[in-house]
Structure formats: C-alpha cells, structure tokens
Number of protein chains: 2
Amino acid sequence: MIDSATKRPSLLHTVHVIALRSKVLKLSEFRISRPIVPAYLRPVNCSSIGIGLVGFGTVGSGVWDILERNGGLITKRTKGTVKFEIRKIAVRDSGKTRSAKAPTDLFTTDWNEVVQDPTVEIVVELIGGTDTAYDLVAAALKAGKPVVTGNKALLAERGRELFALSREHDAPIHFEAAVAGGIPIIKAIQESLVGNRIESITGIINGTSNYILMRMTDAGLDYPTALKEAKDLGYAEADETLDVNGWDAAHKAILLGTLSYGFIIDSKQVYVRGIEFVRPLDIQFAKDLGYVVKLLCIVREHEDGSIEIRTQPSFIPQSHILAAVNDVFNAIAVRGDGIGDALFYGRGAGEGPTASSVVADLVEAARLLGQRSGHRGFLPYQKSGVLKPIDDTETAYYVRFPVTDRPGVVAEIATILANAGIGISGTHSPVKPDQPDAEFIDMVFLLHTSPFGELKDALKQIETLDCVTDRPVVFRIETL
Amino acid sequence: MIDSATKRPSLLHTVHVIALRSKVLKLSEFRISRPIVPAYLRPVNCSSIGIGLVGFGTVGSGVWDILERNGGLITKRTKGTVKFEIRKIAVRDSGKTRSAKAPTDLFTTDWNEVVQDPTVEIVVELIGGTDTAYDLVAAALKAGKPVVTGNKALLAERGRELFALSREHDAPIHFEAAVAGGIPIIKAIQESLVGNRIESITGIINGTSNYILMRMTDAGLDYPTALKEAKDLGYAEADETLDVNGWDAAHKAILLGTLSYGFIIDSKQVYVRGIEFVRPLDIQFAKDLGYVVKLLCIVREHEDGSIEIRTQPSFIPQSHILAAVNDVFNAIAVRGDGIGDALFYGRGAGEGPTASSVVADLVEAARLLGQRSGHRGFLPYQKSGVLKPIDDTETAYYVRFPVTDRPGVVAEIATILANAGIGISGTHSPVKPDQPDAEFIDMVFLLHTSPFGELKDALKQIETLDCVTDRPVVFRIETL
C-alpha cells in the first residue's frame, strides 16, 4: 500500500495506522504490543517516539536528565508532535551505580538489542571510538534508523562510509554534539549560512587545551603542572592524548571543513600539532609582543578553490575577540561572503551543553521521521575537493632559536633567512637582568608572511649552525 | 484528488504533476504557461521555486545578489532540491536606478501583484512598518504562501494576529532576519535550544545605539556629535528615532521573549528607555568605576514563572564579554539550563548579513513547501504568560544627582535612601581640579540591589530636596 515513488501510504493505510496508534495503551502493555509502524507512516500527532541510547556516561545521563526535566516543555514547544521515551540503554557494565535515575530494566550490555529493538526509532551513539561505534551506527543506518551522535572521531575518520550508508538507507546522521558541545555550529553552517560561501572558520574547539594554555598564560604554570590541574578539575580525560595532541580539535575542524566545502576530507592529509611542546617561555614572549597563544583550527578557502585546513597552537593578537575565550569555553569565528564576521561561543564539553545538542538533534530527527527524503543534511555535496598542501600555506611566524650567545649569531641566522627570501619584521631576545652574560639564550625572530615549506627549508639550514643549540620552535602568527 | 486529511495527492495526480513539471520550458514561455501547482504537490526534485519580493532596498538587493552569486551553491548543498527564481518585485518607485541588476520587467508598484502571482510560492516582505506590511503579509498567509520577513516591529506589534493566520492557513512565517541581522539567533533558540529552559537572554541588538555609545566612550563625544557621525557613516537612518529610543531593540527582545517563553508579549507592557539621555559625564563615571554603558535588552524567567523583559542603557562590567562588542556589531548572550552560557555575535544589520538570514529562511521555507504541517515554528506555544511588573524588577543602580555643593547634601540624600531600605555601596563625586569650589556638582551614588519601584519612590522624595537642582539620572548595574 506504499507507493514506491512517494514513500507515502495510500489513504486507506494511513487511516488504519492512525487508528492503531491512537489506541490508549498502558506502559506495560505498550512495550510488548506496540505495533511496529515504519517511521514514514507516522501521523503528525504521534504518541511517544522511542529512543535507544548506546553509552550512558556523562552525556547519556545528561540526555536522560534533560528529557526528564524538560520533556514536557519540548512537547509543548513542538505543539504536541514530539514526545520522547528512552526505551533501551546499552552500557558496558549494567550493574554500575549511575546518577541518572533510569530504570534498570532498560539496560542491556548488548548494543544490538538497542539497534534492533523495534520500538527504538532513533539511535543515540555516545560511546566514542571508531570501531564498535562504527559497527553500531552502521547497523542502525542499515535498519533505516536515524542516528544522533557526538562522535567527532568516528565521523572524521569514517564519514565517507557512514554518510554513504545514511544516504543509501535514507536515515539521517545528526551530529551537532560532535563539534563544540552546546554551540549550535553544525546547524549554523548547514542551515543558517546555506546562502554563504564560507571564506574561513577559525576555532578554539578543544576546551582542555584552552584551559591548559590559559593557566600557562595567567599563572605562568608549565605544561605538566597545568595539565595536572586540568585533570584534577575533571577538564582532561585520564588519557589526555587526543585533547593535547590536537587531534580532538582536528577531527572537529575536519567536520566543519566537510560542512563548509561539501567533500569528505582525508584526515591523513590534515596538518595537526598539539600543545605539548608549548613552553612558558613562548607564552611569556607572546605576551611581551602583544599576542596570546591559542590552539587554533583554521579552515579557509583560497581563490584557487583549494582548502587550507590545519590545527596548531598559534599566536593571535591580544585584542582579538578569540583571545578573550578562556577556561574550557569554545568559540568559532566564521567569515561568510554574506554574513561577514560572526562568532559562536559557549561551553564546548560537559554533561549539560553536549546533552543539549543531542536533544536538539533528537527533535530534528523526530521531525524528519515522518517525512524521510527530507534529509536536511547535504554531506557530502561534492565528490572531491583539493586541500592546500601545508607547505604552501602562508602566515607570519614567531621562531625561537636556542643559541650560544656569541658575536655573529644574529647575522648568521639572518643571512640564511635573507637567502630564502624570508623577511624579518623584528627580533626579541630579552636579557635576564640577573644573568647579563648568560652563555645560552633564546633568540626570537618575527618573520614576515611566507610559505611554510620555505620556512622549513631555511630552518633546516639554520639548525646546522654550530651556534644553534636545539631545534627552533615555530608558532604561526595568525591574521584573523 | 487531494485527500483533505493528509493534504497529499493521490498517486495518479502526483504522476500527472511530475509529468507536467518535468517538461522543459523556455523562460519566456515559463512565466506565462507554467502550470500552477500547489506547493504541497511539489515533488522532491523540483524545478525552480518562485519568490516574490516586496521591497527592494538594501536587504532586497542583497537577497538578489546572494541568489545570483551563490544560487548554484545553494542548489548543490541542498542536493538539487532547492533552486530559486525571483519572479516578481514590488517597489514604491519602479523607475529608480538600483545597484542589483534585476530585469525591469519583474518590477511592479502593486504588492498585490506579487502576493497573488500564481508563480510566486514564497513571499518576502522587506518594506518595514506595520500597516502596508501587515496587509501584504496577511494576504500572503491567506493565500497559503509562506512569508519570509525581517520586520521586527510588525511581528512584535501584530504577531498575535499574524501567527494565528499562519496557523490557520498552514503557511509558516520565517523571521530570522528580524533579530540581529545575520546572527542565527531565532533558529538557535527555536531549534538548537529546544531542550533548554531559557533562564535569561541579554542582548546588544541595536547596532546604531552601540556605535553611538562606543564613540561616546572611546572618543568622549557627546550624544549629538556621535549621532551625527553614525548618520554620516550610514549607520543611522535619516529618522533615527526607533534606533535611539530603544524600540528597535525592544521589538527584537519581544520576539526573543516570545520564542523563549512561548506567549505573545504585549509591547505596551514592556519597559523601554533609549540612549538619548546618556551624557558623556555618565560614560566617564562608568569608566572610572570599571563599567561600560551598553543599550541592553534583558529577558529573564523568574522562579515564580514571571518574565522580566526590558530595554535600557545599563552599566556592565568592563571585563564581561559583552563589553567587548563594539561598532555596529550585535551580540546575544543566552543562558539555558542545559547549554549553560552561550554567546552569538555578528553584524546586526546591513545588506549582506540580513540578506544572509533571508536566504537561509528561503531555503527553510522551500524545504517545508513540500510537506506543510511540518511547521517548525512553535509560536505561540502557550496561551499566555505573566510579565514581571517593572517596579518589581531588581538590580543594583548608579544614580547621579545634580546638586548644589553645600554641607549636608550627602546626609540628606542618604537619609531618604536609608528610610527606603536601599543600601549604598559607594559614592563618587569627582572634584574638577580646576574648580575645587564649584557651586554645582554631580554626586553619584552606587546602590545595592533593590526593586525599581522602591528606588523610584525614594527618588521622588529626593527630587524635592532644595539641594537637588535637576532630575536624578539612573542606570541599572547589571549582574550578567
């Protein structure tokens, strides 16, 4: 009774389904006898929509809490069309005590039970990682069930396969929670800026790194001490690797790039550096020079159509609004050819903010349940694109050379830079008042804009100078 | 062949319509012979969608330009489902020379021609005002056509009637462009924060006022000079009244309040003060005390469920992120019970940003064309709500009393405040170095948090003191 072209029921069937669903059922009876109605047959004023959660940690509990607290509000706001019920929750350890008061009979340790449960209409993936998470998201999509996920690594690494499955089975993937917690940047780019050519995106999108850099800046802490503080405060995971090595931020930048330019970006081609090598010395020099060090993601379209995408700690002017983004807050500056400059700011992680995005996606998914082919996402909308090789990307630079303090050092370094055609805009080598004759000093050069590849070549030569005692430290100086 | 319950065509009719629409038509032939297909019969991969513009000033031209420049991008991003064609443009003077290159045969001076044109499927209202604009929006809704508008005054003053018409005729009103230009705050509150109880919204949402206050702060200009500068730069209208008297901002705040709390807010009950009375003296005192003066809109829910909504120039701490919002930029800080604190920042007016929001709404409207009853808006979702009387709202205050400098002045004022139960947190009365014995001085009191009504009563008494030479000037000190 379903026409294959319109995917819509014939009149007769519609009436039948409405009749079935409008029958008042008690909850106990409900789980067993609820008729399995394909989502696209759902009438507008529906009974509750079944959700299955896979993963019930911080964010999962947050989703439970929001639905419990504000479920009625959501139903009112959607004029009675959206009422959620969490019907199944897969966890690793079903015996664990949890803050959210979910009834124990909802729990299972097998994610298949969530995905295959006929009363579960939307699957929420909150376990992280790219293996089991991939399997379960793929299984949900194959079952025609929309997926809500906050898993940036999964989509950045395996988006090509998952978006293809999503399209093949007409089951949307919603991932507002994957980038910048509560900040609705996915929706902003995908819907609000749909009429804009995105010129650039500059983001501070890893709260842990931002906190560590802030403490190194405002309290003069060294990296290990600031990291420990972040861990003690619960701002860093037990294994902090992905946060501090830049990859958490890079995964988000990859998604923002895919949203903005419409093609799947190969994570292997993306330049990523973390904050582990940042020293208090560089933070102090940055301050002296009017800059702040931030872990920045840059996504930018060039005139030749190539896309620059990179993540690294960079110098930004103290006066720029991004310099004021502190603690674990995230911010994303977007420049579009219509909107001009815009900024989105908020908490990039944590129970409430991330759950807020998951719930927004649930409502979105619920609205689309009834209409399929109404897939709002447009990923990917291009078969391919060209990434700008990192060696061709250009900025100004701060380079610190640990050197032996002897006559001729500046000249030798400057000569190599001059031969490479790289201009020097300034030098900085603060003398410690108590050590006017120190043997080893740090010599900072501020360099004019040049391609990164040319700088690298020059630095290789400079490293061979006998006065240079250690590898030079490079920060990009961003023009925002 | 249309079922009245589902509003969907029978199979036979659908096939017929698709056949009609897939016929390749030349443009000339198109305007005349294009079959009139009700929007809800539109197949997913449709030919172009007809837009009618009423008003072709700055924003209208911007919409034309964006569609011309990025129309292809929009179609790609929406996977071929959205392709726009502007089919009719109503203007006051059809002979005027315009920057956007719209063909002259599209122009008419009669908005009825736009609204009634059967090839126009979405009507864009960009003329402003609340009379003609009301008539044409109402006519479009009655014709079942979705409306995109940037008219905050219209929706704030006559939203009740228009939202009712919208629902009655199942024709959505999209108004992202009505608040804060390019900033997608409507979508953020209505969709991204749908799971949040909105605790408060604090907005700088009038660019003209913000520019004037900024120039009074950074260059020490007086109000008339700063206003003239804003006019010279094109930041203020020839008639600046609604910008500087607070009502432009208040209209936007009313819409944000309605979005957040779901009921139509009566503009007559909203407290609004503009920036015309702000003096360089107060700006300077604010600076001395660590504050900045901003025209702020506050919308807040209280524990008793009442909604505080007001617009006025206020003191905010220099360290708050809103204090860094300069020029004609807008910013809206939202606090939700899930997301926590978030901030949306961007250009609040101008051709590009506002047109960017109109185009986003056009895409939204186009997506909904095919499905009606999929009305994403939820306005109003409550029959009514309670506004907190302005006299019951509480903040700390800055009050400047112009006084005769004679012994006893402080004591007399302080006694009246004490009797009213209003605490004094500080006083400030800078002596001009060159006039140590000036007869008339300005005496500033910083007052602890108290209900506005109590302060007003105390001030009435103080005004009767013979030492008080002019009306006291009051600014609220906001806790954000």
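Residues numbered from 1 in each chain as written. Chains lettered and ligands numbered in written order. Predicted model: local features only at pLDDT ≥ 70, side-chain atom pairs only at ≥ 80, totals over all residues. Heavy atoms only, no water.

1. Overview of the pairing of strand 1 (residues 49-54) of chain B
Residues and elements named next belong to chain B. Taken across its six residues, strand 1 has six buried, putting it largely inside the fold. The alternating pattern of strand 1 places Ile 49, Ile 51 and Leu 53 and Gly 50, Gly 52 and Val 54 on opposite faces, both of which are buried. As paired elements, strand 1 and strand 2 (residues 84-90) share six bridges and run parallel to each other. Opposite Ile 51, over in strand 2, you have Ile 86 as the bridge partner. Taken together, strand 1, helix 3 (residues 58-77) and strand 2 form a β-α-β motif whose crossover is right-handed. Strand direction decides the pairing type here: strand 1 and strand 4 (residues 122-125), joined by four bridges, are parallel. (Buried < 20%, exposed > 50% of the residue type's maximum accessible area, 1.4 Å probe, protein only. Helix = DSSP H or I, 4+ residues; strand = E, 2+ residues; numbered from the N terminus. Pairing = 2+ DSSP bridges. Right-handed = clockwise from strand over helix to strand, strands pointing away.)

2. Some points on the pattern of salt bridges
Tallied over the full model, the rule gives 49 salt bridges over all chains. Residue Asp 337 of chain B pairs with Arg 69 of chain A through a salt bridge whose shortest N-O separation is 3.0 Å. With one member in each of two chains, Asp 337 of chain B in the loop between strand 11 (329-336) and strand 12 (340-347) and Arg 69 of chain A in helix 3 (residues 58-77) form a pair that bridges those chains. Its relative accessible area of 21% is what places Asp 337 of chain B among the partly exposed residues. Arg 215 of chain A is the salt-bridge partner of Asp 218 of chain A, the closest N and O atoms lying 3.3 Å from each other. (Salt bridge = Lys/Arg side-chain N within 4 Å of Asp/Glu carboxyl O.)

3. Comments concerning the sheet that holds strand 6 (residues 173-174) of chain B
Residue and element names in this part refer to chain B. An order of 3-2-1-4-5-6 is seen for the six strands of this open sheet, with the pairing classed as parallel. Edge strands, defined here as strands with exactly one partner in the open sheet, are strand 3 (107-108) and strand 6. Where strand 2 meets strand 3, two bridges bridge the pair, whose relative direction is parallel. Note on strand 3: the bridge partner recorded for Ala 90 is Thr 108. Lying on the sheet, helix 3 is in contact with strand 1 and strand 2; it crosses strand 2 at an angle near 170°. In the packing of helix 5 (residues 132-142) onto the sheet, the strands contacted are strand 1, strand 4, strand 5 (147-149) and strand 6, and the crossing angle to strand 4 comes to about 170°. (Contact = heavy atoms within 4.5 Å. Axes fitted to C-alpha atoms, helices over the stretch in contact; angles between N-to-C directions.)

4. Structural notes on the environment of Asp 437 of chain A
Locating Asp 437 of chain A in the fold gives a position in the loop between strand 16 (424-428) and strand 17 (440-451). It is 8.4 Å that separates the C-alpha atoms of Asp 437 of chain A and Asp 405 of chain A, two residues lying 32 residues apart in sequence.

5. Digging into the pairing of strand 11 (residues 291-301) of chain A
Residue and element names in this part refer to chain A. Extensive coverage of strand 11 is indicated by the burial of 10 of its 11 residues. Pairing geometry for strand 9 (residues 198-204) and strand 11, over four bridges, is antiparallel. Following the sheet pairing, Ile 201 is matched in strand 11 by Val 299. Linking strand 11 to strand 12 (residues 307-317), which pair antiparallel, is a turn of five residues; within it Gly 305 sits at a positive phi near 90°.

6. Thoughts on the sheet that holds strand 3 (residues 49-54) of chain A
Residue and element names in this part refer to chain A. Strand order in this open sheet of six strands is 5-4-3-6-7-8, and the pairing throughout is parallel. Taken across any chain shown, the strands that pair with only one partner, and hence form the sheet edges, are strand 5 (107-108) and strand 8 (173-174). Pairing between strand 6 (residues 122-125) and strand 7 (residues 147-149): three bridges, direction parallel. Of the residues in strand 7, the one forming a bridge with Val 123 is Val 147. The strands touched by helix 5 (residues 132-142) within the sheet are strand 3, strand 6, strand 7 and strand 8, with strand 6 carrying the most contacts at an inclination of about 170°. Here helix 13 (residues 351-369) sits on the sheet in contact with strand 3, strand 4 (84-90), strand 6, strand 7 and strand 8, set at roughly 155° to strand 6.

7. Some remarks on the nonpolar core
Membership of the largest hydrophobic core comes to 180 residues, with the highest contact counts inside it found for Leu 162, Phe 175 and Ile 185 of chain A together with Leu 162, Phe 175 and Ile 185 of chain B. Ignoring sequence-local partners within four residues, the contact set of Phe 175 of chain B consists of Thr 149, Leu 155, Phe 163, Ile 186, Leu 255, Leu 259, Asp 361 and Leu 379 of chain B. (Core = buried A, V, L, I, M, F, W, Y, C linked by side-chain atoms within 4.5 Å.)

8. A closer look at the side chain of Thr 258 of chain A
Mapped onto the secondary structure, Thr 258 of chain A falls in helix 11 (residues 247-261). Every residue in contact with Thr 258 of chain A, bar those within four places of it in the chain, is listed here: Phe 263, Ile 264, Ile 265 and Leu 379 of chain A.

Read these as geometric descriptors, not functional statements.
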